[in-house]
Amino acid sequence: MRELTEVEMKTMFDKLANYTGRSLTNLISPPSESAPSERYVFRLHESRVYYLKLAIANLAVSVARENLLSLGTCLGKFTKTGKFRLHITALDIIAPHARYKVWIKPNGEMPFLYGGNIVKAHIGRWSEDCPEHQAVVVFSMDDTPLGFGVTARSTAEARRLEPTGITCFRQADVGEYLREEDTLFTT
């Protein structure tokens, strides 16, 4: 487990900033009155990036790399080409800080959780002035985070769209925990 390089850090922050916007600084900076050991850090183990407390990261140094499976919350992994891919496990970290949000109706939850895109008929509401091809976090109507994706249309265009038109492309959803349980945490 090691710290991220400058290039890896920039690549990861660019991806996270698509979802969180300016509130990305809340993930990095510690609360003002907390001790330095309460600060959260990003660590790379094999190709995966983990988000954990600094105190736990310091303790993990004493474990051999081949014996360490995972530590903290897995945000995603770097591909062989150097791109960063968010995992569904990052949903709990990015959902409270999301800049743009989409809420889907109860009849649209199951199609989304089975891996489908979101159509206009399933949209309950969404953030105002959301542009096209913008990263969004998907919530149920009772504010439970279900996944994340990219908008296919802007808010204004989607209002004029027919009910079966796709408004949001799915990137990850909590149904992946069941669909990909054999391969989700393998290297």
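Residues numbered from 1 in each chain as written. Predicted model: local features only at pLDDT ≥ 70, side-chain atom pairs only at ≥ 80, totals over all residues. Heavy atoms only, no water.

**Student:** Kindly report on the packing of aromatic side chains, identifying the contributing residues and their values.
**Tutor:** Applying the stated criterion across every chain, the model contains 6 aromatic pairs. Their ring planes at 80 degrees and their centres at 5.5 Å tell us that F13 and F42 sit as a pair that is edge-to-face. With a gap of 29 residues between them, F13 in helix α1 (residues 6-20) and F42 in strand β2 (residues 40-45) connect regions that are remote in the sequence. Take F13 and F42: they sit in the same class, and that class is buried. Between W103 and F139 the ring centres are 6.0 Å apart and the planes differ by 25 degrees, which places this aromatic pair in the stacked class. (Phe/Tyr/Trp six-rings, centres within 6.5 Å; stacked < 30°, edge-to-face > 60°. Helix = DSSP H or I, 4+ residues; strand = E, 2+ residues; numbered from the N terminus. Buried < 20%, exposed > 50% of the residue type's maximum accessible area, 1.4 Å probe, protein only.)

**Student:** An account of the pattern of salt bridges is requested, with residue identities and associated values reported.
**Tutor:** Two side chains bearing opposite charge may form a pair once their charged atoms approach each other closely. As enumerated under the stated definition, the model contains 8 salt bridges in all. Ionic pairing is found between D173 and R170, a salt bridge with its closest N-O pair at 3.0 Å. Residue R170 is classed as partly exposed on the basis of its relative accessible area, which comes to 23%. Salt bridges sharing common partners tie together R170, D173, E176 and R179. (Salt bridge = Lys/Arg side-chain N within 4 Å of Asp/Glu carboxyl O.)

**Student:** Please provide a residue-by-residue account of the pairing of β2, values included.
**Tutor:** Within β2, 5 of the 6 residues are buried, leaving the element largely enclosed by the surrounding structure. When strand β1 (residues 2-3) meets β2, the two strands line up antiparallel, connected through 2 bridges. Each residue of the ladder has a partner; that of R2, found in β2, is L44. Following β2, the chain reverses through 2 residues before pairing antiparallel with strand β3 (residues 48-53); E46 in that reversal takes a positive phi of roughly 60 degrees. (Pairing = 2+ DSSP bridges.)

**Student:** Explain the environment of D173 to me, and be specific about the residues and the numbers.
**Tutor:** Locating D173 in the fold gives a position in strand β11 (residues 166-173). Spatially, the C-alpha atom of D173 lies 8.9 Å from that of P145, the residues being 28 residues apart in sequence. In contact with D173, other than residues within four places in its own chain, are I88, F112, L113, G115, L146, G147 and R179. Within the structure, the side chain of D173 is placed 3.0 Å from the side chain of R170, a separation counted as a polar contact. Here the side chain of D173 touches G175 through a polar contact of 2.8 Å, landing on its backbone nitrogen. (Contact = heavy atoms within 4.5 Å. Polar contact = N/O pair within 3.5 Å; in protein donor to acceptor, adjacent residues only side chain to side chain.)

**Student:** Break down helix α5 (residues 106-113) for me, with residues and values.
**Tutor:** Those residues of α5 not exposed but buried are G108, F112 and L113. Along α5, the residues classed as buried sweep out an arc of 130 degrees about the axis, all on the same side. Away from its buried face by more than 90 degrees, α5 exposes P106 and N107. On its buried face, α5 sits against β6 (101-104), β7 (118-119), β9 (135-140), β10 (145-151), β11 and α7 (176-179). A positive phi of about 105 degrees marks G115, the residue just after α5. (Arc of directions from axis to C-beta.)

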